[in-house]
Structure formats: structure tokens, C-alpha cells
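# Fold and contact review
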Amino acid sequence: DKGGYKHFMAKEIADQPGVLADALAAYLDGDAILLPDPGIDFSRIERLTLVACGTAFYACLTAKYWFEKMARLPVEVDVASEFRYREPPILPGTAAVFVSQSGETADTLAALRYCRDKADTILSVVNVETSSIARESDLALPIHAGIEVGVASTKAFTCQLNVLLLLAITAACARGHMSQAEKSQLLAELRALPGLFNATLDRSADIEAAARKIAEARDVLFLGRGLMYPLALEGALKLKEISYIHAEAYASGELKHGPIALIDKMVPVIVMAPRDALFDKTVSNMQEVMARGGKVCLISDAAGLAQAGDGIWQGITLPAVDDRLAPLLYALPAQLLAYHAAVAKGTDVDQPRNLAKSVTVE
Ligand code: M6R
């Protein structure tokens, strides 16, 4: 049931405030993060290997930043199709984590089986709790996104991020890198996030207006730094997948190492950048783009848009948010840009050509 929306994807995007609130309620009891038994002892884990495909892979890349910075835990991330054939050595003390909405993705399942007798613990983060990946894990953590029908993953992505963040917080506390007070404060911010989701969805009209302009382009570039880099990759994937516009994403700092050669007035550059500690560097990247006639669509908060000054082609203002939670909030405009660009182009949003919801063959 599309609940009055034109597409499942639109409904699944709009449902995210409620879905995230429910997912949080399932994992939090006050300041306690509830993990199913037998749990995981992060004080004994020495490294993590995260493996997934597509959007779930970008959730893993985001989690790498969280685990490394907050929990001081070294993390490797790989796409399942590369991981399995590379036959990587799995060192003692490794927890292997597999992220999959469907829990049936062939490459991810094969990667899990490869780790079976090698990793200390096999963890999975899944939406379908009865799936093969969940069943074959030592510990399966449900994301509680509810059934996702649209081929383009939306609410499953934010719910994957949510569970991975809760795991990173658990690891940070277990390893003595986060105090009880810091944990309480971050969880309070997380509980406030569904409200910021609503405030962002209220801005849909601005995002739709930008998307209509972007829909006229043949190529689009996404840029982001730090936690926004994986999200730039996710934004580009979403746009390609449903609007068939060619999109690429780069870490902002990589711009001058090649992609800046693409910049001209035909290629919109979507910059995802809350006004965080790295913002000044992003502003100088944007200036490099604008100096070459490039059109910048800046997704930031009010302070960021004010600092960026004149010359921005399209500005999308989001509420200010704790830096660590920005990937969840900034996922919404990335999804809405792709959605409205696809609607403007008249493509089949829920069932894009050549794609299946669950990729059970290699
Ligand atoms: O079910 P999974 O999470 O394992 O699926 C992984 C990818 O196939 C999936 O995320 C795909 O990239 C989506 N269509 C992205 O929107």
C-alpha cells in the first residue's frame, strides 16, 4: 500500500521519522543499548571487517569513520564481490560484519561463509530477520525498517546507519573511549533526530526545485568530506539508479587530483557539507568549482550556507545536527533529489530498468 503516495519510494522516504523512532525504541532502554544475546565483547575485539554491496556498502563505509574515530577500532570495508575472491587473511581478534537489507544477497552471503571458520564472531545487520545471512550469523541485528518495496534503498539505509552507530557507541564505551555522560548526550541527540527528519521533509519543496534543475543535466558530481564522503557515494548511486543520470562521487579533497577537469557549466556539483570542522576546506573546494564556471548545489545548515556566501547555484538548508549524526540526516535530501529528478524524467521510480530488489545471483 502506497498510503496515498505516488510511489513506494516516496512513502518509504517520508516514513523515516517514524521508522527511526521505532527502531530506536527497539534498541534503547534509557541509556542502555540493548543487543540480543550472546552480545559482543568489543573490549576483546581487535579489528572489524565490514562487507556488503551497494547502499549497504556505503552504510559500512560510514560506519568505518564512526568505529575508528569513536571506538579507536581499526576497520576494513569491502564490497562483497571483491572480498570473497581476494581470499583476504582474517587475523585472530577479527569480528566480521555483514550488512544486507534482504539478507539474501549472493555475494554477501558467500563472503559470510568464507569468514565462517576464520573470524572470531560473525555479526550481521539485516532487515529480514529470517534471511539466510541472519540465520548463518552468530549475532543478527535487525534494523527494524519494515518491508522496503522500492528497489532504491532508502529507509533501510538510515536504519542500517542507526544500528551501526549504536554498535560503534557500544564499542566506544566498552573500549574506554566514551564516558557515560558523552554516551547519554549522543543518545539524546539521536532521539531528537526523527524531529530533524520531519523538519527536513518539510523542506521537500526546495529539494524538489533543485532536483528539477539537476534533472536537466547529463552528468552530476557529488562531493563530500569525512562522514559526508560515503554519503556522496550513496547520493550518486541513488541518482544513477532511478533517474539514469550519470553521477559520480568523490572525496572533496580528491577534486584537484583529476575530476576538476570535468567541471563546466553543464555539470552540477552537489556538495554535502554541514558546517563542521572540515567546512572551511569544503568552501575552498567549492570556490575552485565556481571559479571554473561550475554550478554548486550546496546542502548544508543555515550557518554553512551563510558562510559559503554568494555564487551558490542551489542551496538546500537543513537543520543543524551533531556532526556524528549528519550522515543519517543528509541521507534524506540525497534520496529526495534522486526521487524528484527521476519523477521529472518520468522513469519507473520503484522498478528501475535492469535492477532487482534482491540480487541472489552473482
Ligand atoms: O539486500 P542488500 O542490502 O544486500 O542489497 C544490496 C544492494 O543490492 C542494494 O543496496 C542496492 O544497491 C540498492 N538497489 C541501492 O538502492
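Going by what an unreviewed UniProt entry lists, the protein is known as Glutamine--fructose-6-phosphate aminotransferase [isomerizing] and is assigned to Salipiger marinus. Reading the Function (unreviewed entry) entry of the UniProt record for the protein gives the comment "Catalyzes the first step in hexosamine metabolism, converting fructose-6P into glucosamine-6P using glutamine as a nitrogen source." In its Subcellular location (unreviewed entry) section, UniProt records this for the protein: "Cytoplasm".

Of all residues adjacent to the ligand, which total 14 residues, the nearest are S100, Q101, S102, T105 and E241. S102 is positioned with one of its side-chain polar atoms (N or O) 2.7 Å from an oxygen atom of the ligand. Within the side chain of E241, one N or O atom sits 2.4 Å away from a nitrogen atom of the ligand. Going through the elements one at a time, α3 (54-71) and α10 (228-243) are the ones with two or more residues in the shell around the ligand. Among the residues forming the shell around the ligand, the class breakdown is five nonpolar, seven polar and two charged.

In this section: the pairing of strand β4 (residues 75-79). For strand β3 (residues 47-52) and β4, the ladder comprises five bridges, and the chain directions are parallel. The residue of β4 that forms the bridge with A52 is V79. Handedness of the crossover joining β3 and β4 through α3: right-handed.

Let us look at the packing of α3 against α10. Packed helix pairs are specified by the crossing angle of their axes together with the interaxial distance, meaning the distance between the axes. Where α3 contacts α10, the two axes come as close as 8 Å, and the packing angle between them is 170°. Classified by the angle their axes make, α3 and α10 are roughly antiparallel. From α3, G54, T55, Y58, L61, T62 and Y65 reach across to α10, where they touch Y229, P230, L233, E234, L237 and K238. For the contact of α3 with α10, the residue count by class is seven nonpolar, three polar and two charged.

We now examine the state of the cysteines. Taken as a whole, this structure holds zero disulfides when the rule is applied. The structure places no disulfide on C60, whose sulfur is separated from the nearest cysteine sulfur, that of C53, by 9.5 Å.

For any pair of aromatic rings, the description consists of the separation of the ring centres together with the inter-plane angle of the planes. Enumeration according to the criterion identifies three aromatic pairs in this entry. Relative to F67, the ring of F42 lies with its centre 6.3 Å away and its plane at 35°, an arrangement referred to as tilted. Of this pair, F42 sits in the loop between β2 (32-33) and β3 while F67 is found in helix α3, placing the two residues 25 residues apart along the sequence. With respect to burial, F42 and F67 carry one shared label: buried. The ring of Y244 has R353 lying over it, and the distance from NZ or CZ to the ring centre is 3.8 Å.

Another aspect to go through is the confidence of the model for the protein. For the protein, per-residue confidence averages 95 on the pLDDT scale, and residues scoring 70 or more make up 100% of the total. Interface scoring of the predicted complex returns ipTM 0.98; its pTM is 0.97.

Time to look at α10. Look at α10: 22 Å from first C-alpha to last across 16 residues, which is about the 22 Å you get at 1.5 Å a residue. A positive phi of about 65° marks Y244, the residue just after α10.

For L328, the position within the fold is in helix α13 (residues 326-345). A relative accessible area of 0% places L328 in the buried class. The spatial distance from the C-alpha of L328 to the C-alpha of L165 is 9.9 Å, given a sequence separation of 163 residues. Apart from residues no more than four positions distant in its own chain, L328 is found in contact with L20, W66, T158, L161, N162, L193 and F197.

Taken together, five strands build an open sheet; the order of strands is β4-β3-β5-β6-β7 and the sheet is parallel. Looking at the sheet topology across the chains shown, the edges are occupied by β4 and β7 (139-142). In this sheet, adjacent strand axes meet at a mean angle of 20° when their direction is disregarded. Summarising the sheet, strand β5 (residues 94-100) and strand β6 (residues 121-126) pair through six bridges and their orientation is parallel. Bridged to V99 within β6 is V125. Running at roughly 165° to β5, helix α5 (residues 106-115) makes contact with β3, β5 and β6 of the sheet.

This part covers the pairing of β5. Among the seven residues in β5, seven count as buried, and that is most of the element. Here β3 runs beside β5; their pairing, made up of five bridges, is parallel. The residue of β5 that forms the bridge with L50 is V97. Read as a crossover between parallel neighbours, the route from β5 over α5 to β6 is right-handed.

This part takes up unusual backbone geometry. If a residue is not glycine, its phi is most likely negative; likewise, a peptide bond is most likely trans. Phi angles above zero are rare outside glycine, and H144 is one such case at about 60°. In this structure, H144 sits in the loop between β7 and α7 (155-174). Of note, N354 is a non-glycine position whose phi angle comes to about 70°, a positive value. Locating N354 in the fold gives a position in the segment after α13.

Each value, and the rule that gives it
Residues numbered from 1 in each chain as written. Predicted model: local features only at pLDDT ≥ 70, side-chain atom pairs only at ≥ 80, totals over all residues. Heavy atoms only, no water. UniProt positions renumbered as here; feature names shortened; annotations may be inferred. Near = heavy atom within 4 Å. Polar contact = N/O pair within 3.5 Å; in protein donor to acceptor, adjacent residues only side chain to side chain. Helix = DSSP H or I, 4+ residues; strand = E, 2+ residues; numbered from the N terminus. Nonpolar A, V, L, I, M, F, W, Y, C, P; charged D, E, K, R; others polar. Pairing = 2+ DSSP bridges. Right-handed = clockwise from strand over helix to strand, strands pointing away. Axes fitted to C-alpha atoms, helices over the stretch in contact; angles between N-to-C directions. Parallel < 35°, antiparallel > 145°, perpendicular 65-115°, else oblique. Contact = heavy atoms within 4.5 Å. Disulfide = S-S within 2.5 Å. Phe/Tyr/Trp six-rings, centres within 6.5 Å; stacked < 30°, edge-to-face > 60°. Buried < 20%, exposed > 50% of the residue type's maximum accessible area, 1.4 Å probe, protein only. Lys NZ or Arg CZ within 6 Å of the ring centre and 35° of its normal. pLDDT = per-residue confidence, 0-100. Expected span 1.5 Å × (residues − 1).

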